[in-house]
Amino acid sequence: MRVREPLLAGVRVLDLCGGPGDTVSRLLADLGADVLKVEPPQGSAARHALPTIDGVSVPFALHNANKRSTVLNPSNEADRQLFFELASGADIVIDDGATGQAAAFGTSCAALADRFERLVAMSVTDFGAEGPHASWQATDPVMYAMSTALSRSGPATGTPVLPPDGIASTTAAVQAAWAVLVAYFNRLRCGAGDYIDFSRFDAVVLALDPPFGTQGQAATARNAASRWRGRPRYQDAYPIFACRDGHVRICVLAPRQWRGLRAWLGEPEQFQDPRFDSIVARAQAFGELGALIAEFFAGQTMEQLVADGQSHGVPIAAVMTPAEALQSDHFAEVGALVDTELAPGVTARVPVGYWVVDGERAGYRTPAPAVGSSDVVWQTTSFAPAPSVPVGGLPLAGIRVIDLGVIVAGGELSRLFGDLGAEVIKVESTAYPDGLRQKGEHQAISESFARSHRNHLGLGLELRSPGGAELFADLVAASDAVFANFKPGTLDALGFSYERLTELNPALVLAESSAFGDTGPWSKRMGYGPLVRAAIGVTRLWTSADAATDTGRHPFFDATTIFPDHVVGRISAIGALAALIRRQRVGIGARIHVSQAEAAINQLDVRYVAQAAEVFGVGAVDPDHADHRVLACAGDDEWCVVSLRSDDDRHAAAGVVGGDGVEVLAQWAATRSPSDVAAALQAAGVPAGLMHRASTIREDPQLKLRKVFSDMVHPLFEHPLPTEAGPALYRHIPPAPQNPAPLPGADSRRVCREVLGMDEATIDGLITQGVLFSTPDELAGTEVAR
């Protein structure tokens with residue numbers, strides 16, 4: 001079998017970054033783009049960023065792998081000419097504002113996009129180029145606070161708990177890579193480049209754990225009236241229990257999983273009522289049920305519990321440390337980590353990357369380059385087909401996707417494509433409905449499903465029937481992509497392995513994700529985001545000694561978040577779109593697979609690599625010395641986060657508050673509102689941000705100016721639902737359309753008629769046979785029963 005070329009072979013990326021943007025271009029480099037980094041004669045300042053191992057910057061080493069480096073001196077006229085020659089030949093330019101190189105050459109990304117009409121230019125800044133917060137600075141903790149993530153982390157009372165440092169920045173980088181690749185794909189079709197004013201804060205609001213996005217399955221059935229202003233009162237939707245040698249987490253959602261747990265517990269009489277098949281009923285009885293499980297688990301080991309739980313069909317995972325996860329047999333066997341030299345003589349174990357493409361890892365290949373180690377030339381021929389569509393349309397119009405995805409990661413992937421114009425056909429079964437179909441009493445559709453499946457068509461198809469399989473095969477032959485996030489082996493068991501799919505359609509793109517990947521010892525484990533977080537060490541990092549806890553409760557506070565599901569949807573989307581780009585170039589399809597567990601490790605790459613070096617004594621580690629504080633402010637449960645990154649920040653903060661020390665800072669903040677605290681510190685150059693809640697974030701002046709949210713009207717809801725307007729601010733790509741999410745089977749007739757060319761008699765026969773289903777008669781009069 002011949003080796004297929006990388007997905008982004010032929011894409012030229014000019015990297016002008018010196019900080020946050022480094023991670024964006026690394027993602028493009030992982031997929032095969034030729035990324036040429038421009039550095040000043042003394043090298044990028046990011047080469048000194050902490051933490052370091054034996055003096056080598058871990059973030060620079062990780063986020064500049066697979067790139068080339070050239071040195072251009074802005075004060076040298078010949079180098080200035082070379083700079084603009086490189087820009088004129090590039091497909092994509094990425095710069096990150098204050099730490100980037102564009103300004104040194106007397107230009108900007110916007111100016112470069114004006115000058116070179118086919119160029120896609122992206123400026124990556126903390127809050128965007130314009131607006132009341134354009135000059136503000138952000139750290140991960142500041143973005144957690146301002147994005148609402150902090151308001152949902154920690155105990156119901158007392159100090160909120162900051163999520164692990166690093167997730168916000170890498171989430172923003174994934175969103176940026178998605179946004180820039182969309183613009184590049186659009187250029188291939190319409191011939192026009194674009195300028196993207198990219199805000200990392202916008203990205204974290206939309207892609208980390210959006211307050212107005214798709215919720216987890218355990219939350220979809222909650223009554224809207226139960227929402228309140230405070231932080232989450234129910235911390236045990238995915239409960240953690242102490243055992244003999246640590247902790248384990250269970251994630252029991254489906255009725256069959258509950259019955260497996262009940263059998264494992266010895267069929268306790270008080271929980272035999274069928275009403276406990278409902279998540280809501282079990283949550284209401286958690287006091288008694290949790291005590292029963294805690295007693296049963298207490299004397300057993302993590303290993304015993306995981307093995308026994310899995311054998312009973314109960315989703316369960318041990319709560320591991322990051323070091324334990326990195327040393328696991330699973331990650332070693334699947335090749336998710338590699339021992340490499342960060343620099344000559346400095347070795348570390350690093351995550352390879354996010355994607356498996358056509359069975360091979362697309363990720364870490366070469367270490368970060370030495371300063372100026374490459375010639376000032378492009379190594380690839382740029383792909384520039386003749387324009388086929390007019391400028392100003394949705395970039396994915398004409399792409400047809402079969403959506404088999406479920407819950408958050410699957411829903412996010414398909415929505416991202418639908419928002420950009422793809423025809424997305426949501427395939428559903430009556431026997432195995434999407435978990436997001438779970439809804440509250442008197443609802444016809446859940447808010448989560450309405451948000452995640454807007455711009456979809458609903459096809460009711462019993463895929464497990466012979467007639468359904470035949471119809472699905474015809475649909476595959478007429479489509480461009482299939483998206484799925486089943487447990488590995490499910491598609492094969494249905495008779496649609498990747499080999500079968502490519503027989504039906506050689507140019508098909510299959511994009512899949514799963515909890516632990518499709519190979520290795522953990523691949524067959526049942527898994528959800530909460531179990532992934534536990535198994536790979538994220539849960540152990542999501543804690544705080546300052547947080548007040550209930551007596552006897554474990555110290556972990558990640559249970560109410562949805563990570564890494566949302567970002568995995570975007571990682572999968574990047575892989576799928578890159579595969580469509582290669583298909584346009586050379587006419588072949590691809591199979592993309594993303595492991596949620598590996599995605600989470602890559603999200604925390606700097607922290608994991610530095611921590612592993614400390615634990616295993618590999619090199620001298622100089623950690624990041626930043627001090628992030630969650631300050632109580634005036635008012636009821638009001639908070640502000642401040643990041644003191646250096647002595648300069650500490651001196652600047654002391655000048656604002658009138659004295660040195662954290663106690664003085666805390667006393668000063670306690671008499672002021674969070675917005676006043678943040679504004680005063682930001683004016684002095686110190687990163688700070690108020691803790692937003694879902695009820696306040698829409699009033700953030702920066703988000704309002706940038707039109708980050710739009711109101712989605714759905715005929716089955718009395719009020720509009722605030723949702724994501726699009727991945728970024730573009731010049732030539734319009735905001736997402738707002739076609740309402742369908743009821744089950746709402747478009748079965750339309751899909752069979754328009755896509756497969758069936759007549760009404762044939763469709764009626766398939767419905768009578770139970771191969772197809774359409775919207776129930778009692779709902780047939782609604783606007784979404786098309």
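Residues numbered from 1 in each chain as written. Predicted model: local features only at pLDDT ≥ 70, side-chain atom pairs only at ≥ 80, totals over all residues. Heavy atoms only, no water.

Any chance you could break down the overall build of the protein for me, citing the residues and the numbers?
Each helix and strand in the protein was counted, giving 29 helices and 28 strands. The C-alpha radius of gyration computed for the protein amounts to 26 Å, which stays within 12% of the reference 28 Å derived for 786 residues, consistent with globular compactness. A burial count over the protein gives 60% of its 786 residues as buried. Considering only intrachain contacts with a sequence separation of at least 6, the fraction spanning at least 24 residues in the protein is 77%. Carbon and sulfur atoms make up 51% of the accessible area of the protein, which totals about 28,600 Å². On the protein, the mean spot of the 65 positive side-chain charges and the mean spot of the 90 negative ones are 2 Å from each other. (Helix = DSSP H or I, 4+ residues; strand = E, 2+ residues; numbered from the N terminus. Rg over C-alpha atoms; globule rule 2.2 N^0.38 Å. Buried < 20%, exposed > 50% of the residue type's maximum accessible area, 1.4 Å probe, protein only. Contact = heavy atoms within 4.5 Å. Areas by Shrake-Rupley, 256 points an atom, 1.4 Å probe, with all protein chains shown as cover. Lys, Arg positive; Asp, Glu negative; His and termini not counted. Charge placed at Lys NZ, Arg CZ, Asp CG, Glu CD.)

Quick one: what's the story with the nonpolar core, residue by residue and with numbers?
With 161 residues, the main nonpolar core has W355, F417, I536 and L577 as its most contacted residues. The element that contributes the greatest number of residues to this core is helix α6 (residues 167-190), accounting for 16 residues. Both of domain 2 (400-516 + 563-592 + 738-780) and domain 3 (627-695) provide at least three residues apiece to this core. For W355, the contacting residues outside a window of four places in its chain are L27, D30, L31, E360, R361, A362, I571, I574, G575, I592, H593 and V594. Residues I402, L404, L508 and L766 belong to the second largest nonpolar core, which totals 30 residues. (Core = buried A, V, L, I, M, F, W, Y, C linked by side-chain atoms within 4.5 Å. Domains from an automatic or database assignment.)

Can you explain empty space enclosed by the protein? Please cite residues and give values.
If you walk through the whole model with that rule in mind, you get five cavities of 30 Å³ or more. Counted as a void, the largest cavity has a volume near 130 Å³. At the level of elements, α1 (21-30) and α2 (58-63) are the ones that each hand at least two residues to the lining of the largest cavity. Its residues assigned to classes, the lining of the largest cavity comprises five nonpolar, five polar and three charged. (1 Å grid on protein atoms, 1.4 Å probe; cavity = no way out; pocket = protein on both sides within 12 Å on 5 of 7 lines; lining within 4 Å. Points joined across faces, edges and corners; volume = space filled by probe spheres on them. Nonpolar A, V, L, I, M, F, W, Y, C, P; charged D, E, K, R; others polar.)

Describe helix α7 (residues 200-207), naming the residues involved and giving the relevant values.
Counting buried positions over the eight residues of α7 gives eight, a clear majority of the element. Between the side-chain oxygen of the N-cap and the backbone nitrogen of F201 there are 3.3 Å, and the N-cap of α7 in question is S199. (Polar contact = N/O pair within 3.5 Å; in protein donor to acceptor, adjacent residues only side chain to side chain.)

I'd like a description of the side chain of Q175, backed by residues and values.
Its place among the elements puts Q175 in helix α6. Assessed through its relative accessible area of 1%, Q175 is described here as buried.

Give a description of the sheet that holds strand β18 (residues 456-461) that names residues and reports values.
In sheet architecture, strand pairing relies on hydrogen bonds along the backbone and comes in two forms, parallel and antiparallel. Spatial ordering of the open sheet is given by β15-β14-β21-β20-β19-β16-β17-β18-β28, a layout of nine strands whose pairing is mixed. Each edge of the sheet is formed by a strand with only one pairing partner; in this case those strands are β15 (360-362) and β28 (772-773). Pairing of strand β14 (residues 355-357) with strand β21 (residues 590-595), which is carried by three bridges, proceeds in the antiparallel orientation. Paired with V356 across the strands is H593, a residue of β21. Docked against the sheet, helix α16 (residues 466-477) engages β16 (400-403), β17 (423-428), β18, β19 (481-484) and β28, running at close to 150° with respect to β18. (Pairing = 2+ DSSP bridges. Axes fitted to C-alpha atoms, helices over the stretch in contact; angles between N-to-C directions.)

I'd like to hear about a nonpolar patch on the surface, residue by residue, with values.
Together, V615, F616 and V618 give the surface a local cluster of nonpolar side chains, amounting to about 250 Å² of exposed area. In this fold, F616 is placed in the loop between α23 (605-615) and β22 (621-622). Since its relative accessible area comes to 40%, F616 is described here as partly exposed. (Patch = residues over 30% accessible without salt bridge, like charges linked within 9 Å, V, L, I, M, F, W, Y side chains within 5 Å. Salt bridge = Lys/Arg side-chain N within 4 Å of Asp/Glu carboxyl O.)

Quick one: what's the story with the packing of aromatic side chains, residue by residue and with numbers?
Scanning the model with the defined rule gives 19 aromatic pairs in all. Seen in terms of ring centroids, Y354 and W355 are 5.6 Å apart; in terms of plane orientation they differ by 75°. Their pairing is edge-to-face. A centroid spacing of 4.8 Å and a plane angle of 75° characterise the contact between F472 and F496, whose relative ring orientation is edge-to-face. Note that F472 is positioned in helix α16 and F496 in the loop between α17 (490-493) and α18 (498-504), a separation of 24 residues in sequence. Looking at F496, the relative accessible area reads 1%, which means it is buried. Of the aromatic side chains, those joined through ring pairs into one cluster are F241, W264, F286, F296 and F297. Its end group placed over the ring of F449, R437 keeps NZ or CZ at 3.6 Å from the ring centre. Stacked on the ring of Y432, the Lys or Arg R464 has its end atom at 4.1 Å from the ring centre. (Phe/Tyr/Trp six-rings, centres within 6.5 Å; stacked < 30°, edge-to-face > 60°. Lys NZ or Arg CZ within 6 Å of the ring centre and 35° of its normal.)

Tell me what's going on with the sheet that holds strand β25 (residues 688-690), and back it up with residues and numbers.
Taken together, the three strands give an open sheet; going across it, the order is β23-β24-β25, and neighbouring strands pair in antiparallel fashion. Lying at the two open borders of the sheet, with one neighbouring strand each, are β23 (627-632) and β25. On average, adjacent strands in this sheet sit at an angle of 15° to one another, irrespective of strand direction. Relative to β25, strand β24 (residues 639-644) is paired through three bridges, and the arrangement is antiparallel. Within the sheet, the bridge partner assigned to C640 lies in β25 and is L690. Running at roughly 15° to β25, helix α5 (residues 140-147) makes contact with β23, β24 and β25 of the sheet.

Kindly report on the environment of A49, identifying the contributing residues and their values.
Among the structural elements, A49 can be located in the loop between β2 (34-39) and β3 (52-53). Classification of A49 as partly exposed rests on a relative accessible area of 27%. Sequence separation between A49 and P59 is 10 residues, and the spatial gap between their C-alpha atoms is 6.8 Å. Sequence-distant contacts of A49, defined by excluding residues within four places in its chain, comprise S57, V58 and P59.

Explain α1 to me, and be specific about the residues and the numbers.
Counting buried positions along α1 gives 10 out of 10 residues, so the element sits mostly inside the fold. Regarding α1, the residues found buried are G21, D22, T23, V24, S25, R26, L27, L28, A29 and D30. The first or second residue beyond α1 is G32, which carries a positive phi of 105°.

For the domain arrangement of the protein, give the residues involved together with the corresponding values.
Assigned domains of the protein: these are domain 1 (252-314), domain 2 (400-516 + 563-592 + 738-780) and domain 3 (627-695). The C-alpha-based centres of domain 2 and domain 3 are spaced at 47 Å.

So what's going on with the side chain of T70? Which residues, and what values?
Counting through the fold element by element, T70 comes out in strand β5 (residues 68-71). When near neighbours in sequence (up to four residues on either side) are disregarded, T70 contacts L36, K37, V38, E39, G372, S374, D375 and V376.

I'd like a rundown of the packing of helix α21 (residues 565-586) against helix α22 (residues 596-603), residues and numbers included.
Packing of α21 against α22 leaves a shortest axis separation of 10 Å and a crossing angle of 100°. Comparing the axis directions of α21 and α22 gives the class roughly perpendicular. Together, D565, V567, V568 and I571 of α21 and Q596, A599 and Q603 of α22 make up the contact between the two elements. By residue class, the composition of the contact of α21 with α22 is four nonpolar, two polar and one charged. (Parallel < 35°, antiparallel > 145°, perpendicular 65-115°, else oblique.)

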